[in-house]
Amino acid sequence: MIEKRQKDRKERLKKFCESYKKNNNIELAKESYHHVIVSDKYRLMYCYIPKVACTQWKKMFLILNDKRQGIQYNEHEKYHEKWRFNYLAHYSEEAIRTRLRSYYKFLFVREPFERLLSGFEDKFVSNIWNWHETSLYTSAILNRYRQEHPNATDDVTFTKFIYYILSLRDEARNEHWKSYEGLCHPCAVDYDFIGHFENLGQESQYVLKKTGLEKIIAFPPIISLNTSRKVLEKYSEVPKHMILQLGDAFKNDLEMFNYAFPGPLSALNITTGSGK
């Protein structure tokens, strides 16, 4: 069943890349691989996407690469310190080509609208991990919103957050709300496995089995904020024309990974030409 899903996902991605003449078969600049974590010991590479169980996968890579020393299990931010990981971008061009040809490569994606809400809830509502950039982005969001709404209040609402995202080109967005295409370049990298967050437990176990790691390590538990239950509630606060713009901004992610638009927001009756 998982093999059939993989075949379908990879075929869909291939058709998308060919149809849109994306950068398949083009060698990317080294800097493009700054989200691809490498384990040379296990010949494994993982492109991490924030808010798609990347903390759990990062924990596993630190364990596999013997770099978890000095971290308590609940010290969330330390699992995201860049210096602790080997990134593909840090290798020579020849070493990059060798690893792309011979290592097992995977990524996990998530329904894009739910991921954006998860990023908002995590960074600006609960902030249970005390993200060090929350105050910086709070100011950026409010300043950008007040350019058009000068009398706006000081709170960061979900609508203001979406407004901010839409005001930026994808390459200028923070990794927590940047596109999958911009982070992992799936038309240029031939990933061996494309996982979906919606099947995380089953598909993570499959990756571990496929790579021979299931007897070495177990996938860590996830702390869930139950974002999926809040999707309709929170997006109902956002003007429909902005949701349409959001669908356009993340159109490639939706198409590449077979997420429908408006998908989980269908009950909001969003159609082309929806007004404010």
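Shown above is the structure to which this text applies.
In this text, all values refer to a predicted model and were calculated from it rather than measured experimentally. (Residues numbered from 1 in each chain as written. Predicted model: local features only at pLDDT ≥ 70, side-chain atom pairs only at ≥ 80, totals over all residues. Heavy atoms only, no water.)

We now examine helix α1 (residues 2-19). Between its first and last C-alpha atoms α1 spans 26 Å; for 18 residues at 1.5 Å apiece the expected length is 26 Å, and the two agree. Considered for burial, the residues of α1 that qualify are Ile2, Arg5, Gln6, Arg9, Leu13, Phe16 and Cys17. For α1, the buried positions fall inside an angular range of 100 degrees around the axis, keeping them on one side. Exposed residues on α1 whose side chains face more than 90 degrees from its buried face are Lys4, Lys7, Lys14, Lys15 and Ser19. Next to the buried residues of α1 lie β4 (193-196), α8 (200-210) and α11 (251-256). Among the residues trailing α1, Lys21 stands out with phi positive, at a value near 50 degrees. (Helix = DSSP H or I, 4+ residues; strand = E, 2+ residues; numbered from the N terminus. Expected span 1.5 Å × (residues − 1). Buried < 20%, exposed > 50% of the residue type's maximum accessible area, 1.4 Å probe, protein only. Arc of directions from axis to C-beta. Contact = heavy atoms within 4.5 Å.)

Relative to the helices and strands, Asp122 resides in helix α4 (residues 112-126). Along the sequence, Asp122 and Thr227 sit 105 residues apart, while their C-alpha atoms lie 9.7 Å from each other. One polar contact links Asp122 to Lys123, side chain to side chain, over a distance of 3.3 Å. (Polar contact = N/O pair within 3.5 Å; in protein donor to acceptor, adjacent residues only side chain to side chain.)

Strands in a sheet are paired, the pairing made by backbone hydrogen bonds, and the direction either parallel or antiparallel. Across the sheet, which stays open at both edges, the 4 strands sit in the order β1-β2-β3-β4 with mixed pairing between neighbours. At either end of the open sheet lies a strand with only one pairing partner, and these are β1 (36-39) and β4. Strand-to-strand, the axes of this sheet are offset by a mean angle of 20 degrees, without reference to chain direction. Pairing analysis gives 4 bridges linking β1 to strand β2 (residues 44-47), with the strands arranged antiparallel. (Pairing = 2+ DSSP bridges. Axes fitted to C-alpha atoms, helices over the stretch in contact; angles between N-to-C directions.)

Okay, the packing of aromatic side chains next. The full count for this structure, using the stated rule, is 31 aromatic pairs. Geometrically, the ring pair formed by Phe113 and Phe261 is tilted, given 5.8 Å between the ring centres and 35 degrees between the ring planes. One end of the pair, Phe113, is in helix α4; the other, Phe261, is in the segment after α11, with 148 residues separating them in the sequence. Assessed through its relative accessible area of 34%, Phe261 is described here as partly exposed. (Phe/Tyr/Trp six-rings, centres within 6.5 Å; stacked < 30°, edge-to-face > 60°.)

Bringing the pattern of salt bridges into the picture now. What the rule picks out here adds up to 18 salt bridges. Here Arg9 and Glu203 are joined by a salt bridge, their closest N and O atoms 2.9 Å apart. A residue pair is termed long-range when its members are at least 10 positions apart, and Arg9 in helix α1 and Glu203 in helix α8 qualify at 194 residues. Look at Glu203 and you get buried, because its relative accessible area is 0%. Residues Arg97 and Glu94 are paired through a salt bridge, measuring 3.0 Å at the closest nitrogen-oxygen approach. Taken as a pair, Arg97 and Glu94 lie in helix α3 (residues 93-102) at a separation of 3 residues, close to a single helical turn. Each of Arg5, Arg9 and Glu203 takes part in salt bridges that share partners, so that together they form one network. (Salt bridge = Lys/Arg side-chain N within 4 Å of Asp/Glu carboxyl O.)

Interaxial distance between α1 and α8 falls to 11 Å at its minimum, and their mutual angle equals 95 degrees. Here α8 runs roughly perpendicular to α1, going by the angle between their axes. Note on element contacts: α8 touches α1 through Gln202, Glu203 and Tyr206, opposite Ile2, Glu3, Arg5 and Arg9. Of the residues belonging to the contact of α1 with α8, the class tally is 2 nonpolar, 1 polar and 4 charged. (Parallel < 35°, antiparallel > 145°, perpendicular 65-115°, else oblique. Nonpolar A, V, L, I, M, F, W, Y, C, P; charged D, E, K, R; others polar.)

What follows is about helix α2 (residues 54-64). Burial analysis of α2 places 10 of its 11 residues in the buried class, the great majority of the element. Buried residues of α2: Cys54, Thr55, Gln56, Trp57, Lys58, Lys59, Met60, Phe61, Leu62 and Leu64, and no others. Buried residues along α2 sit against β1, β2, β3 (104-109) and α8.

Tracing the sequence through the fold places Ala260 in the segment after α11. On a C-alpha basis, the gap between Ala260 and Arg144 in space is 30 Å, while along the polypeptide they are 116 residues apart.

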